[in-house]
Structures are given as structure tokens and as C-alpha cells.
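# Notes for the structure review
Listed below are the residues making up each chain.
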Amino acid sequence: VYEQEGVFIHSSCGKNDDQDSLIPGVLRVIEKENEVIVDWKPVDDTLDTSNILCAGKDSSSVVEWTHTPKEKCSRGADRPSSYEAEWDMVTTVSFKKKPHSNGDAATHANGESKWSFLFSLTDLKSIKQNKEGMGWSYLVFCLKDDVKLPALHFHRGNSKLLIKCLEKHVVLNESPQDKRILLVNSQNKSLSQSFENLFDEPSYGLLQKLKKDPYTVTMGRFSKVTNYIFDSFRLSDPSTQRRPPSEMADFLNDAIPGLKINQQEEPGFEVITRIDLGKQPEVTRREPVSAEEWAKNMDSEGRILNVDYIKRLIFKGGLCHTLRKEAWKYLLGYFPWNSTKEERANLQKRKTDEYFRMKLQWKSVSEEQEKRNSRLRDYRSLIEKDVNRTDRTNKFYEGEDNPGLILLHDILMTYCMYDFDLGYVQGMSDLLSPVLYVMENEVDAFWCFVSYMDQMHQNFEEQMQGMKTQLIQLSTLLRLLDSGFCSYLESQDSGYLYFCFRWLLIRFKREFSFQDILRLWEVMWTELPCQNFHLLLCCAILESEKQQIMDKHYGFNEILKHINELSMKIDVEYILCKAEAISMQMMNCKELPQAVSEILGIESSSVTPDSDTGEDESGAVLSCPTSLYQSISPPVIAANGTRDSTQQMSDTQSLTPA
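Only a predicted model underlies this, so the values are computations on that prediction, with no experimental measurement involved.

On to helix H21 (residues 533–551), then. For H21, spanning 19 residues, the distance from its first C-alpha to its last is 28 Å, which sits close to the expected 27 Å at 1.5 Å a residue. At Glu-545, H21 shows its maximal bend, which comes to roughly 45°. Note on H21: the residue one or two positions beyond its end, His-553, has a positive phi of about 55°.

If you want it as C-alpha cells, here you go:
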């Protein structure tokens with residue numbers, strides 16, 4: 001939205017008249033969705049590629065670092081015939097300054113790189129202007145962490161145009177102390193500020209942590225925090241065994257601003273009365289899709305013949321592990337379902353180029369440049385912390401300097417370049433680690449992760465709108481399924497279902513074993529049998545725990561602790577059967593509330609059918625989930641989690657596509 005050449009940095013600050021002290025550059029203001037970036041680069045910002053450290057080529061691209069001659073770094077050099085080979089140089093970890101002899105003027109190749117900077121307007125604190133009539137006009141940007149960037153001298157004028165451009169995005173006010181200084185009145189609030197007015201008393205130390213960083217606290221083990229929360233609400237009175245009913249609900253409501261779960265009848269809400277859903281049907285699952293079944297459903301050019309059929313197979317049984325590397329690319333949307341083998345190879349080539357160009361952007365940032373980019377520093381710091389906390393039970397991520405961990409870091413940093421607006425939020429590494437484990441390839445893992453984040457990005461946005469919506473929808477579904485259990489949770493200040501936050505945020509990643517989460521995710525990615533199937537998985541888990549919670553009269557503290565301790569103890573096949581049974585139970589209901597129909601994405605049931613045929617008065621046929629699985633008959637795993645060894649059927653015969 002703004003570009004100006006002839007913007008100089010006077011590196012000598014006027015101490016001599018040597019022309020080398022003037023560094024010419026281009027200043028740009030770049031608008032990208034909700035983010036505005038100010039970027040200054042020298043005109044001749046180049047690198048000495050003869051001293052770039054390059055990776056020895058292997059499957060990880062990160063193991064062995066060697067000096068690569070300049071001619072071998074260039075595109076088209078003699079390299080292995082891999083579509084990644086020409087991008088070996090992008091795994092650079094450092095740059096060496098080009099030496100120059102004593103007495104010679106230093107070249108600007110590295111000096112200019114040192115001066116480059118960019119920052120987001122959200123990080124801008126103030127702008128200092130020069131006095132009028134005092135030579136070239138200049139501006140000095142001061143960031144919120146009190147970093148002052150080098151003065152930019154506008155040799156061709158137009159500094160006022162820059163101010164006008166910035167005023168379209170931020171409010172600038174003159175400082176009362178110095179009229180030359182424009183103060184930024186930022187109207188953007190970070191996630192932590194949504195907790196600003198809660199519990200200011202010193203006794204709420206843990207709650208202070210929660211309001212500063214809800215993601216970190218929620219992603220931690222709830223069992224470590226619930227006693228403190230409980231004691232905080234009891235204050236110093238040991239005889240108080242119960243908090244006032246409204247306190248915890250008010251706290252959680254404020255913790256996620258805008259979260260309004262309908263615990264009482266309010267205008268604008270559909271009141272879901274008690275509806276008889278009938279008995280949950282018995283559901284069975286089959287064995288995972290085999291490589292033979294996958295190959296039989298592909299034509300000579302590599303196209304999938306019957307997409308719906310393959311999705312139904314995956315939903316009912318998942319995939320054998322050898323298929324995941326290929327099939328996940330389709331399920332996540334990286335590969336089009338109707339693409340040929342040749343089209344996919346060309347796509348991978350283009351995506352490889354695109355990935356390594358983005359990776360080069362952050363790999364080539366020097367330490368000095370990063371010091372002037374607070375957002376990039378913050379992203380890197382968060383990523384390094386999360387990568388270090390990666391589950392090491394899987395051999396792919398064992399050891400401190402494991403190539404898998406290095407690739408996790410690199411892919412997440414590159415994603416920050418891909419979506420600088422969103423950047424990195426804690427929890428994203430949980431979504432990436434299984435994808436990278438399956439793909440065993442940096443580029444494919446990145447683009448599959450991008451597709452996954454397209455589905456999940458609302459969970460990580462500043463206002464948490466995605467999380468609010470899902471918690472409200474989950475409450476609606478649970479109330480229909482078991483209004484008595486909902487009423488009990490509300491009586492224990494747990495009606496906000498806040499204990500499900502982590503389930504929804506990272507799609508159960510920390511609730512199931514590593515191998516089980518691979519199965520669970522691929523089933524969810526089929527988008528069968530309805531929208532928001534993950535919410536029905538939540539309902540299935542909660543309904544499975546209902547009896548213990550209610551029989552033992554668990555209160556808020558005990559419910560939170562109990563749900564947290566379910567981690568790694570849930571039977572994935574049993575929960576998949578139960579969630580599918582709930583979906584069939586709801587979709588077969590003839591009086592399904594409109595709100596529930598919209599959540600599940602099924603036909604509206606506002607007109608009550610007049611017979612058991614599934615036809616309403618207008619003659620429209622209601623959708624029936626059982627039709628999804630008519631061709632998939634071998635029941636292998638029952639809803640109680642046991643295997644049926646009495647039924648022996650030929651999978652290849654019963655599962656041959658029409």
C-alpha cells in the first residue's frame with residue numbers, strides 16, 4: 001500500500017562525509033489481511049553464497065552440514081535428481097561475512113543485511129520526526145519493547161505520505177511533551193488482555209497465570225491446578241466446602257469472553273426440551289483399509305475411482321500404516337481426489353519450490369535483524385519451547401538433537417512465514433508432530449499441515465471464536481443427548497464444559513496414544529457421517545464417564561481432575577463406535593431440533609414425518625445414516641470394544657466397488 005525509493009540510513013550518523021556511510025534502500029508498507037507490515041531493505045542486499053553452509057543430502061535434509069562451493073549452490077548445478085535437491089542451500093544455519101583486505105572499503109553485502117528490518121504495526125510504539133527545515137526529513141520508529149530502529153532519511157521527500165498511510169491503520173497522536181513524537185494508540189488487544197479485569201487480588205496467583213496465557217494453562221495438566229483453584233475460591237475459611245454457585249461460572253465466562261452457554265432460557269435461544277432419541281443402535285467396525293483395497297480402487301493413470309466408497313472404508317476401519325503416507329494427502333486436501341499420478345508429481349514440484357522459498361525467508365534473517373523483529377523472536381521462542389516438550393515416546397522424536405525435532409522446528413517457523421498474521425500459538429506443534437511422523441518428508445508434511453490448519457485455524461485466533469462456538473455447540477448436543485447429565489454438570493459449576501477445551505483445541509492429541517491418534521484423525525478427516533463428528537466424540541467420552549461422575553457426586557474440582565486423568569486411558573475403537581451410534585441415533589430422530597440439525601449439517605427436521613417411511617408431508621425423504629454403510633458389512637469390533645471372532649468374511653468380496 002506504500003512504496004518509496006531513496007530512503008537512506010546514515011550509518012555514520014554524520015561523523016564523516018564518506019559516501020559509504022549512506023545506505024540506500026526501499027521502504028514498503030505491506031497490508032496482508034489483518035496485518036500491516038513496515039519493511040525496509042537495502043537496494044543491494046545480497047549474500048555471499050560461496051560461504052553458505054549447505055546440508056548433505058539425505059532423507060531429513062538436516063543431519064550433516066558441509067561447506068558447498070558457490071557453483072554447486074546455484075540452481076541447475078550437478079545435484080541428485082530429487083525434486084528437493086536444488087533447495088539444499090536453504091537449510092543454511094549461518095552466513096560468513098565476506099572478508100576484505102585492510103584499507104579497502106567494506107562491501108555492503110553483509111553490512112546492508114545488517115540494517116534490514118521489518119515490523120508489524122501492532123508492535124509500533126511511537127514515531128519521531130525531524131524538525132522542519134533541518135535537512136532531509138527523517139523518521140525514527142520506536143517499538144513497544146523500546147527498540148529504536150535506525151533513522152530513515154527521505155532523500156526524495158514523501159515522508160508525510162507515509163504518515164498518512166499509517167494513519168489509515170493506527171491512531172497517531174502528538175506527544176504532550178514533544179510535538180515531533182507521534183504516539184501510537186493501538187486498538188488491538190492481545191489474547192491475554194481478555195482476562196485483564198479478573199481477580200486482581202494477589203491470592204489468585206494461578207488465576208493470574210490463566211488470564212495471561214489461557215492456552216498454556218489449559219494445555220497443562222488440569223490435575224495440577226484444580227486444587228489451587230478450589231482453595232482460592234474457598235479463600236481462608238476451611239469450613240467453606242463449596243464455592244458460591246455463580247463464582248466459578250462467572251470466572252469461566254470471563255475467561256473466554258463471549259462464551260454464553262444457555263444454562264437458562266434466554267431470548268434468542270432455541271430451548272431444547274427433552275426428546276426421546278430412542279435406543280442407541282449397535283455399531284461395529286472393520287479392519288483397516290489394506291494396500292490391496294486401495295490399489296483396486298485406482299485406475300491406470302492413478303485416479304481414485306470411487307471417492308465416497310474409499311472414504312466410507314476409512315471411516316469404518318481407518319488405514320493400515322503403510323497407506324497413510326499416501327492417503328493422508330488426499331484426506332487433508334493436499335492431493336485432489338481426481339488427480340493423476342503425473343499431476344500429483346507436478347504439484348509436489350511446485351509446492352517444493354514454494355516451501356523452500358518461504359523457508360529461505362527466515363533462514364536468511366540475521367541475529368541483528370531478528371532483534372528488530374519482535375514477532376519473529378516471539379514465534380521462534382514459543383516454537384523452541386513447544387518442540388522441546390514434544391512427546392518422546394515415539395522413536396521418531398527421541399533424543400535432543402533428533403532430526404524429527406529439527407524438522408518440527410523448521411516447518412513451524414516456515415508456517416509463520418506462510419501465515420504471518422496467525423503466526424505460532426501453543427498447541428500447533430501437537431497437530432504437526434503426527435503428520436510429520438507419517439509423511440517422513442519435510443515438504444509434504446508442511447503442506448499437509450497447512451491444509452490441517454485451514455480446518456483448525458479458528459481454534460488459535462486471538463478472539464478464540466472457534467473455541468467459543470464449539471463449546472456452545474457441544475453443550476447443545478450434550479443437552480439433547482442427556483439433559484439430566486447437563487443439569488448435574490451445571491449444578492457443579494461445570495456447565496461451561498471448560499474441561500473439554502484441550503480436547504477441542506488440538507483434536508484429542510493428548511488424550512490418546514500416538515498410534516490411536518493416527519486412527520482417530522484419519523476417521524475424522526473423512527467428514528463422515530456428519531459435520532462436527534469430533535463433537536460427538538466428546539459426547540461419547542462424557543457419556544461413558546457420566547455414571548461415575550454422578551454416582552460419586554463429583555464436584556467441580558473432582559470433575560476437572562477426573563476428565564484430565566482419562567488421558568491415555570480411552571479406548572479409541574470403543575469411542576468411535578459410540579460416537580457413530582450417537583450420530584445414527586440423532587439422525588434417525590424425527591423431531592431433531594433445528595439447532596442440532598445445523599450443527600450436524602443434516603436436513604432440517606422442522607416438519608415432523610407422518611410415518612416410519614422417513615417421508616414428511618412434502619414428500620421429502622429424511623437422510624438416514626445407515627445408507628452410508630450398506631456396502632460395508634463385516635462387523636469386526638463391537639461397541640463394547642471386543643472383537644467378533646465368529647464372523648469370517650472375505651473383505652475383498654464384500655468391499656468390491658460397484
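What follows is about the confidence of the model for the protein. Per-residue confidence for the protein gives a mean pLDDT of 74; residues scoring 70 or more make up 64%. Here residues 221–255 scores under 50 on pLDDT; set against residues more than four positions off or in separate chains, the count is 63 contacts.

The antiparallel open sheet is built from nine strands, whose spatial order is E6-E3-E2-E1-E9-E8-E7-E11-E10. Of all the strands in the sheet, just strand E6 (117–120) and strand E10 (171–174) have a single pairing partner and so form its edges. Adjacent strand axes in the sheet meet at a mean angle of 30°, parallel and antiparallel pairs treated alike. Examined bridge by bridge, strand E1 (residues 2–10) and strand E2 (residues 22–32) share seven bridges and lie antiparallel to one another. Looking across to E2, one finds that Glu-3 is bridged to Arg-28.

Another aspect to go through is the state of the cysteines. Scanning the entire structure with this criterion turns up zero disulfides. In this structure Cys-486 is not part of a disulfide, and its nearest cysteine sulfur, from Cys-539, lies 8.4 Å away. For the unlinked cysteine Cys-538, the closest cysteine sulfur is that of Cys-500, found at 5.3 Å.

Here we take up the packing of aromatic side chains. Using the criterion set out here, one finds 24 aromatic pairs in the structure. Seen from their ring centres, Tyr-379 and Phe-420 are 5.7 Å apart, and the 75° between their planes marks the pair as edge-to-face. In this pair, Tyr-379 sits in helix H13 (residues 374–388) while Phe-420 sits in the loop between helix H14 (403–418) and helix H15 (428–439), placing the two residues 41 residues apart along the sequence. Each member of the pair, Tyr-379 together with Phe-420, is buried.

Moving on, we come to the pairing of strand E3 (residues 35–42). Looking along a regular strand, one sees the side chains alternate between the two faces of the sheet. Counted residue by residue, E3 has seven buried out of eight residues, so it is predominantly covered. One ladder, built from eight bridges, connects E2 with E3; its direction is antiparallel. Of the residues in E3, the one forming a bridge with Val-26 is Lys-41. Linking E2 back to E3 in an antiparallel pair, the connection comprises two residues, with Glu-33 at a positive phi of about 55°. Pairing of E3 with E6, which is carried by four bridges, proceeds in the antiparallel orientation. Counted as the bridge partner of Val-38 is Phe-119 from E6.

The rules behind the values
Residues numbered from 1 in each chain as written. Predicted model: local features only at pLDDT ≥ 70, side-chain atom pairs only at ≥ 80, totals over all residues. Heavy atoms only, no water. Helix = DSSP H or I, 4+ residues; strand = E, 2+ residues; numbered from the N terminus. Expected span 1.5 Å × (residues − 1). Bend = angle between axes of the 7 residues up to and from the residue. pLDDT = per-residue confidence, 0-100. Contact = heavy atoms within 4.5 Å. Pairing = 2+ DSSP bridges. Axes fitted to C-alpha atoms, helices over the stretch in contact; angles between N-to-C directions. Disulfide = S-S within 2.5 Å. Phe/Tyr/Trp six-rings, centres within 6.5 Å; stacked < 30°, edge-to-face > 60°. Buried < 20%, exposed > 50% of the residue type's maximum accessible area, 1.4 Å probe, protein only.

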